[in-house]
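Spelled out from the first residue to the last, the chains are:
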Amino acid sequence: MVDHKDDYEDILLAPIAHTGPGFYWAVAGLSVFILWGAIAYAVQFHQGLGVTGLQQPVSWGFYVTNFVFFIGISHAGTLISAILRLSKAEWRRPITRMAEVITCMVLFIGAGQILIDLGRPDRMLNVIRYGRYQSPLLWDATSISAYLTASVVYLYLPMIPDIAVLRDRLKKRKLFYSVLALGWTGTEHQQRILNRAIAIMAVLVIPIAVSVHTVVSFVFSMTLQPMWHSTIFGPYFVVGAIFSGIAALIVAMIVFRKAYGFEPYLKPIHFRYLGQLLLIMALLWFYFTFAEYLTGYYGAEPEEMKVFWAKFTGPFWPFFWGMVLCNFIIPLSCLVRLSRRTIGKVLAASLSVTVGMWLERFIIVVPTLSFPRVPFPEGVYSPSWVEWGLMAGSFALFALFYLLFTKVFPIISIWEIQEGREVGLKEVEERLLTYLPDEAEANILEASRGR
Amino acid sequence: MERERSDWDRVVKTLQWAIAGVFVLFVGGLIIWIIHLIRTAWRLGDVPSASVGISLVAIPVFLVLLGVVLYVFWGLLAHQREE
Amino acid sequence: MALWGMVIDLDRCTGCQACVMACKAENNVPAVGQKEAGRGRIISWMQVLTETDEEHHSEKMRFIPRPCLQCDDPPCIKVCPVYATYRNPEGIIAQIYNRCIGCRFCMAACPYNAKYFNWYTYQKEQPGQNPDVSVREKGVVEKCTFCHHRLQKARERAHAENREIEPGEYNTACAQACPAQAIIFGDLADPGSEVSKLARSPRAFKLQEELGTKPKVIYLTEGEGGG
């Protein structure tokens, strides 16, 4: 029994204990993009937002699109971790930490996009000194702060037993791990405390997460602009966020499964279940999109129809139909039958959804601004190298943060897998028995039949 | 040997409680900030209802987070001596 | 308390854009240069919008001078996160350049596209500018202020001479410059002022009135109304 534990712990601890050349190549590659982004921002900071492709009237472009996109991906952690934990789904065990880390890292990148977008970032503290709570941007600030804090806590608490393993088994970073392990020795008392705290967090994190993307949607829906001022935006954005979050999670899982040899832990069945969830979200996303556009089309308000046709057949048609292709057609055809070549199909669907959801954010932000209500000269938005650079740098920075995390903490939860082995099977069996009819009832039925 | 171990333990303990302290300061600072915004809106007559409404949700959320973290820190650190 | 407003008679407007040039000179609005203009970044606090009739395409063109409409229920001030734009008690929507963080939310929220952004630092302080108006740096939003600096000057002069401001003493640059006298500016709270009388004309209408922004720039339609 002890040997077994050492074996599997070895695989999960390997990325932390040893570092191969692959890591350095990855860091080098990501650093190139991060450097591109850094240079782009330096130019923008020095000269002003004029170096972007933004103009009158399209004053929001890539940065706001990326802001919504990255904050959307942060819903990966909540759905998988909190909801599956609350519903006692055993298959979540190797996945929860990967999801939670995505949330924590991507929230920084998402919040950073807004800072990049400011005309005067040197005055960003004005939001703290003079903030107005009537403005949806302040709702964003508060909500994202709450979500970031909750996610970090929700990531850290279940990591404590694993940090204790690192403290005991590894030679390096002894002080670091000892401090963070909070003196964990695995006693009954400690386990009770931790489980209670994690349960409270799981319940708390879900409404906070829902509020985050709802207030992000309110940035658009609280204005009076055509095709923005829609009551459906709150739930629409949350559904889209969960959708893109699952896709991003799947991509991360497949990448690290290959890189670190986690095949014994991330099995086709996990991808199959996640693929099914992705399929459900695709159908849900399509439902919301359909309702949104049908309502606009049926009402046929002239200013809304200008934006509508711009998306359907006008200058934005490649992005709109590309979005439909990537978010609906490709995922549906990949995910309907997942019994064979599961991982390949799920990967294809996830990459497609990631692209498609980015296009969806773009299609929401830019066309409405391009076709103003008054007869203002229309604008054609064309992003510059600065915006492309900052986008590439943002993705690379997120990947780098994630990669560095996997080098310091186990990306698959060691103790939860162990708990699954030792306690999970029994718990599930006992739970299934409670679903079946009671013994007493059965006896009564038999007796009455016998008479 | 004993002294080395207890020195190390003391450093670790201090750092752990320091982390808890930083978190208290962080949540405390956030709550003070929200109250500052309420007071500014009240003084300027600038839709104070929005600030009050949001704080009624935000402040309890942060207090619960603080409570959970302190509960775990206290439960794990303070009871260590009993082991 | 005064309530400053404007009436623009579309029947008189010839589309000459004298108002645009006067505004630019008065308020140190930068000339962004040919390259930036080509990229769609012209700043024009007063802008003449052109609208062609859908049915009579090449026949009728309508010129709509559009300053900031100084709404009484502005969407822009609702969304500003730092109180850099606000409605002062006399109805003018003010812009505080020193507090603006350049998030451009107000630009996205304004249904009239009355707000403009300084994508670069288009000009420095130099001789030849109007010394009463600040010169804006990059990264802040600006818009028509009903020549608020003229109101301050008039008020100071009146105060020094121990009297109230007389009607007609405070006038915007665009109203002053219009050769057809299509722009009339004044105090909407004074029922006897020319602005108030014209605002009650049967030809009066407001842009996008159904949005509920309550703009204080009222337009008089061409012809006898319903033309």
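Preceding this section is the structure that the text describes.
Caption draft 1: View of the overall build of chain B. Of the regular secondary structure elements, chain B holds 2 helices and 0 strands. Counting every position in chain B, which comprises 83 residues, the buried fraction comes to 37%. Look at the contacts in chain B between residues 6 or more apart in sequence, and 74% of them connect residues 24 or more apart. Total accessible area on chain B is roughly 5,200 Å²; 69% of this is exposed by carbon and sulfur atoms.

Caption draft 2: Looking closely at the overall build of chain A. Within chain A, the regular secondary structure consists of 18 helices and 0 strands. For a compact globule of 451 residues, the expected C-alpha radius of gyration is about 22 Å, and chain A comes in at 24 Å, within 12% of that figure. Once local pairs closer than 6 in sequence are excluded, the contacts in chain A between residues at least 24 apart make up 82%.

Caption draft 3: Main features of a nonpolar patch on the surface. All names here are of chain A. Residues Val32, Phe33, Leu35, Trp36, Ile39, Trp385 and Trp388 make up a contiguous nonpolar surface patch of roughly 720 Å² in combined accessible area. At the level of secondary structure, the elements contributing two or more residues to the nonpolar patch comprise α2 (21-47) and α16 (385-408). Sort the elements by how many residues they give to the nonpolar patch and α2 lands first, with 5 residues. Of note, Trp36 is situated in helix α2. Residue classification places Trp36 among the partly exposed positions, given a relative accessible area of 34%.

Caption draft 4: Main features of the side chain of Glu26(C). Residues and elements named next belong to chain C. Here Glu26 is to be found in helix α1 (residues 18-26). Residue class for Glu26 comes out buried when judged on its relative accessible area of 15%. Engagement of the side chain of Glu26 in a polar contact is seen with the side chain of Arg150, the distance being 2.9 Å.

Caption draft 5: Representation of the nonpolar core. Core analysis: the biggest nonpolar cluster contains 236 residues, and Trp60(A), Leu157(A), Phe220(A) and Leu249(A) have the highest contact counts within it. Per element, the largest residue contribution to this core is 17 residues, and it comes from helix α11 (residues 233-260) of chain A. Sequence-distant contacts of Phe220(A), defined by excluding residues within four places in its chain, comprise Trp60(A), Val64(A), Val68(A), Trp228(A), Phe233(A), Phe237(A) and Val365(A). Core analysis: the next-biggest nonpolar cluster, separate from the first, contains 5 residues, Val7(C), Ile184(C), Ile218(C) and Leu220(C) among them.

Caption draft 6: Molecular detail of the sheet that holds strand β8 (residues 183-187) of chain C. With mixed pairing, the 4 strands of this open sheet are ordered in space as β8-β1-β10-β9 (chain C). The sheet is open, and its two borders are formed by β8 and β9 (204-205) of chain C, each paired with just one other strand.

Caption draft 7: Representation of the environment of Pro121(A) within the structure. Residues and elements named next belong to chain A. For Pro121, the position within the fold is in the loop between α5 (96-117) and α6 (126-130). On the basis of relative accessibility, which here comes to 11%, the residue Pro121 falls in the buried class. A C-alpha to C-alpha distance of 16 Å links Pro121 and Phe67, two positions 54 residues apart in sequence. With sequence-adjacent residues up to four places away left out, Pro121 is seen in contact with Tyr41, Phe45 and Leu115.

Caption draft 8: Region of interest: the pattern of salt bridges. Following the criterion strictly, the structure yields 30 salt bridges over all chains and no others. Between Glu142(C) and Arg136(C) there is a salt bridge; the shortest N-O distance is 2.6 Å. Residue Arg163(C) pairs with Glu161(C) through a salt bridge whose shortest N-O separation is 2.9 Å. Judged by relative accessible area, which is 27%, Arg163(C) ranks as partly exposed. On the basis of relative accessible area, Glu161(C) is assigned to the partly exposed category, the value being 47%. Where salt bridges share partners, they join Arg85(A), Arg92(A), Glu100(A) and Glu416(A) into one cluster.

Caption draft 9: Representation of the interface of chain A and chain C within the structure. Tallying the contact residues gives 43 residues for chain A and 45 residues for chain C. Note on chain A versus chain C: buried area summed over both sides is about 3,700 Å², and carbon and sulfur give 56% of it. For the chain A face of the interface with chain C, the top three residues by lost area are Gln56(A), Arg132(A) and Pro375(A), together amounting to 17%. Remark: the boundary between chain A and chain C carries 2 salt bridges.

Caption draft 10: Broad picture of the packing of aromatic side chains. A full pass over the atoms with the stated rule returns 59 aromatic pairs over all chains. Through a chain of ring-to-ring contacts, three or more aromatic side chains come together here, namely Trp60(A), Phe220(A), Trp228(A), Phe233(A), Tyr236(A), Phe237(A), Tyr287(A), Phe288(A) and Phe105(C). One residue, Arg361(A), lies across the ring of Phe237(A), its end atom 5.4 Å from the ring centre. The ring of Phe117(C) carries Arg104(C) above its face, with NZ or CZ at 5.3 Å from the centroid.

Caption draft 11: Quick peek at the environment of Leu25(B). All names here are of chain B. Topologically, Leu25 is positioned in helix α1 (residues 2-44). A residue is classified by how much of its surface remains accessible, and Leu25, at 65% relative accessible area, is exposed. Along the chain, Leu25 and Leu37 lie 12 residues apart, while their C-alpha atoms are 18 Å from each other.

Caption draft 12: Summary view of the pairing of strand β10 (residues 217-220) of chain C. Residue and element names in this part refer to chain C. Of the two faces of β10, both are covered, the one formed by Val217 and Tyr219 as well as the one formed by Ile218 and Leu220. Examined bridge by bridge, strand β1 (residues 4-9) and β10 share 4 bridges and lie parallel to one another. Of the residues in β10, the one forming a bridge with Val7 is Ile218. Alignment of β9 against β10, held across 2 bridges, turns out to be antiparallel. Within β10, the position partnered with Phe205 by the bridge is Tyr219.

Caption draft 13: Inspection of the packing of helix α3 (residues 62-73) of chain A against α11(A) at higher detail. Residues and elements named next belong to chain A. Orientation of α3 relative to α11, taken along the N-to-C sense of each, is 70°, at an axis distance of 7 Å. Between α3 and α11, the interaxial angle falls into the category roughly perpendicular. Seen from above, α3 lies across α11 with right-handed handedness. Within the contact between the two elements, α3 uses Val68, Gly72 and Ile73 and α11 uses Phe237, Ala241, Ser244, Gly245 and Ala248. Of the residues that constitute the contact of α3 with α11, the class distribution is 5 nonpolar, 3 polar and no charged.

Each value, and the rule that gives it
- Residues numbered from 1 in each chain as written.
- Chains lettered and ligands numbered in written order.
- Predicted model: local features only at pLDDT ≥ 70, side-chain atom pairs only at ≥ 80, totals over all residues.
- Heavy atoms only, no water.
- Helix = DSSP H or I, 4+ residues; strand = E, 2+ residues; numbered from the N terminus.
- Buried < 20%, exposed > 50% of the residue type's maximum accessible area, 1.4 Å probe, protein only.
- Contact = heavy atoms within 4.5 Å.
- Areas by Shrake-Rupley, 256 points an atom, 1.4 Å probe, with all protein chains shown as cover.
- Rg over C-alpha atoms; globule rule 2.2 N^0.38 Å.
- Patch = residues over 30% accessible without salt bridge, like charges linked within 9 Å, V, L, I, M, F, W, Y side chains within 5 Å.
- Salt bridge = Lys/Arg side-chain N within 4 Å of Asp/Glu carboxyl O.
- Polar contact = N/O pair within 3.5 Å; in protein donor to acceptor, adjacent residues only side chain to side chain.
- Core = buried A, V, L, I, M, F, W, Y, C linked by side-chain atoms within 4.5 Å.
- Pairing = 2+ DSSP bridges.
- Buried area = accessible area lost by both parts, 1.4 Å probe.
- Phe/Tyr/Trp six-rings, centres within 6.5 Å; stacked < 30°, edge-to-face > 60°.
- Lys NZ or Arg CZ within 6 Å of the ring centre and 35° of its normal.
- Axes fitted to C-alpha atoms, helices over the stretch in contact; angles between N-to-C directions.
- Parallel < 35°, antiparallel > 145°, perpendicular 65-115°, else oblique.
- Left-handed = near helix turned anticlockwise from the far one by under 90°.
- Nonpolar A, V, L, I, M, F, W, Y, C, P; charged D, E, K, R; others polar.

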